[in-house]
Protein chains: 2
Amino acid sequence: MDSPRRSFTRESAENRREALIRATLTLIGRKGVQAATVRGIAAEAGVTLGLIRHYFEGKDELIYAAYQAHMIQLTDATMEGPRQSDKPAAHQLARIVRASLTPPVSSPKAVGLWAGFLNMVQRDPRMAEVHSRTYYDFRDRLQALIAPALEEAGETPTPERLRALAIACNAVIDGLWLEGGALPDAFGPGELVSIGLTSVGAILGLTLYDPGEEA
Amino acid sequence: MDSPRRSFTRESAENRREALIRATLTLIGRKGVQAATVRGIAAEAGVTLGLIRHYFEGKDELIYAAYQAHMIQLTDATMEGPRQSDKPAAHQLARIVRASLTPPVSSPKAVGLWAGFLNMVQRDPRMAEVHSRTYYDFRDRLQALIAPALEEAGETPTPERLRALAIACNAVIDGLWLEGGALPDAFGPGELVSIGLTSVGAILGLTLYDPGEEA
DNA sequence: CTTATATTTATACAAACGTATAACAATAAG
DNA sequence: CTTATTGTTATACGTTTGTATAAATATAAG
């Protein structure tokens, strides 16, 4: 009995690319890099494996696109929310800390994905470029908030000191993000956010209020 | 022309296991998880692939052993050095910060390796156990130094506060370690150590001196 | 309604994978 | 010196991998 050719509907290139990227992220996040095979990805996306080569030059380019998508998603989820340009910079800083240390930004899937990609950075210059760009982008945004927050407190740091503070705040946030995502049951609810706000505050010499406590 | 069977010398089980583990770490660190195949590992260790199954139940167990070895190596390199029980706890704390943020602990290879393993943690409970144990072990050692360092400064923190401080210091160190290893050219020599000491000091409310500055 | 286009499926293929097993030879034991 | 042991090499096997190519069909164009 020969099975009939499966029916299908045509989709836009954008939809298909998105679906394939999403399937790739799902697999790497759930089962690790080794599970992200072209057949596995195609099955997860509900298509056959030939489609991958139709939309991407090869598996490597799909992985590359998935890495970019994941990092953009992470950055957006961290920085999103109402602009609040009227609110003090310290307030916006606290918002970022909070977003960074709560799901979906800090989650086993997001951290696992990120780790898998980071392991690829060493052998692939394109992947390294994504990593580098993502790091500097986030740190620069942080620095752009630290400067006015210090000004509000009456301090005008030198460029060297500002750079050091941005590196340090970035590191605490990254470290807490990492640990919260990798060991989700090791910390109480809100514990990491609280520690993050206190630590960033201590490093900057400011007091940050928990944006979750406001009405 | 049939090539003759290659000559070999017998080695102790310990030597062989070590060589295979070292080869595994070299490959994952240099070319990523995907490159750590049984044939690649055997070639790197200078043996044939059959030996792997002779010393390990399968590839998974070799990976597991390599993960353990890497984390033990990392922890030892961080905590090593003269005991200095006579020196103040703050001094020992500074030593740990310094060791954590300089090679070989903070290096592209060490960080890349660690990331590859972390990606496996999600699907393999044994790998997760290694991660969890390593994290708590380091944090506990940190906490055991933070307490007396605060006492020296005349402060006696509550257990809750002590826990929060250990989590925070661990996070800064981890974050800086990560960024220094993943982007080795992004920071000046000694910059991360300096930032690490300042940040840990700010979080604890202490002043840490750079142990590299002493005679 | 007919035709053309190109998205999608289906199949094939060589290479590489982890594992299993048999043959060999270095070393220890007698 | 001879024998037994077992560390080590060598080879084979079935699966899975990424890629290439041909066939089919959903959709747009005329």
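Residues numbered from 1 in each chain as written. Chains lettered and ligands numbered in written order. Predicted model: local features only at pLDDT ≥ 70, side-chain atom pairs only at ≥ 80, totals over all residues. Heavy atoms only, no water.

Going by an unreviewed UniProt entry, chain A carries the name TetR family transcriptional regulator and comes from Ruegeria sp. PrR005.

Caption draft 1: Broad picture of the UniProt feature "DNA-binding region" (unreviewed entry) in chain A. When the UniProt feature table is mapped onto this chain, "DNA-binding region" (unreviewed entry) is found at residues 37-56 of chain A. In this annotation, residues 37-56 of chain A is assigned 70% helix and 0% strand; the end-to-end C-alpha distance for the span is 14 Å. (UniProt positions renumbered as here; feature names shortened; annotations may be inferred. Helix = DSSP H or I, 4+ residues; strand = E, 2+ residues; numbered from the N terminus.)

Caption draft 2: Summary view of the protein's contact with DNA strand D. Around DNA strand D, the surrounding shell holds 28 residues, and the nearest of these are R10(A), R53(A), K59(A), R10(B) and Y55(B). The protein-proximal atoms of DNA strand D, defined as those within 4 Å of the protein, are 64% sugar or phosphate. A distance of 2.6 Å is found between a phosphate oxygen of DNA strand D and a backbone nitrogen or oxygen belonging to E11(B). Here a phosphate oxygen of DNA strand D sits 2.5 Å away from a polar atom, N or O, in the side chain of Y55(B). (Near = heavy atom within 4 Å. Polar contact = N/O pair within 3.5 Å; in protein donor to acceptor, adjacent residues only side chain to side chain.)

Caption draft 3: Layout of the side chain of E191(A). Looking at the element boundaries, E191(A) is found in helix α9 (residues 191-204). With a relative accessible area of 18%, E191(A) lands in the buried category. Apart from the residues within four sequence positions on either side, E191(A) is in contact with A186(A), R163(B) and I167(B). (Buried < 20%, exposed > 50% of the residue type's maximum accessible area, 1.4 Å probe, protein only. Contact = heavy atoms within 4.5 Å.)

Caption draft 4: The UniProt feature "domain: HTH tetR-type" (unreviewed entry) in chain A, seen in detail. Feature annotation in UniProt places "domain: HTH tetR-type" (unreviewed entry) on residues 14-74 of chain A, given in this structure's numbering. In the segment residues 14-74 of chain A, helix accounts for 79% and strand for 0%; the C-alpha atoms at its two ends are 20 Å apart.

Caption draft 5: Seen up close, the interface of chain A and chain B. Listed by partner, the interface residues are 48 residues for chain A and 47 residues for chain B. Regarding the contact of chain A and chain B, the summed buried area is about 3,600 Å², with carbon and sulfur atoms giving 61% of it. Counting across the chain A and chain B interface gives two salt bridges. For R163(B), the salt bridge identified is with E191(A), shortest N-O distance 2.7 Å. Linking chain A with chain B are eight residue pairs in polar contact (both at pLDDT 80 or more), by the criterion used here. Elements represented by at least two residues in the side of chain A that touches chain B include exactly α1 (13-31), α6 (108-120), α7 (125-152), α8 (159-182) and α9 of chain A. Among the elements that make up the side of chain A that touches chain B, the one with the highest residue count is α8(A) (13 residues). Considered class by class, the residues forming the side of chain A that touches chain B number 26 nonpolar, 13 polar and nine charged. (Buried area = accessible area lost by both parts, 1.4 Å probe. Salt bridge = Lys/Arg side-chain N within 4 Å of Asp/Glu carboxyl O. Nonpolar A, V, L, I, M, F, W, Y, C, P; charged D, E, K, R; others polar.)

Caption draft 6: Representation of the packing of aromatic side chains in the model. Counted under the stated rule, the structure contains nine aromatic pairs over all chains. Seen in terms of ring centroids, F187(A) and Y135(B) are 6.2 Å apart; in terms of plane orientation they differ by 70 degrees. Their pairing is edge-to-face. One end of the pair, F187(A), is in the loop between α8 and α9; the other, Y135(B), is in helix α7 (residues 125-152), on a second chain. Take F187(A): its relative accessible area is 10%, and that puts it in the buried class. Take Y135(B): its relative accessible area is 6%, and that puts it in the buried class. Note on Y67(B) and F117(B): the rings are 4.7 Å apart at their centroids and 20 degrees apart in plane angle, and the pair reads as stacked. With Y67(B) in helix α4 (residues 59-79) and F117(B) in helix α6 (residues 108-120), this residue pair connects regions lying 50 residues apart in the sequence. (Phe/Tyr/Trp six-rings, centres within 6.5 Å; stacked < 30°, edge-to-face > 60°.)

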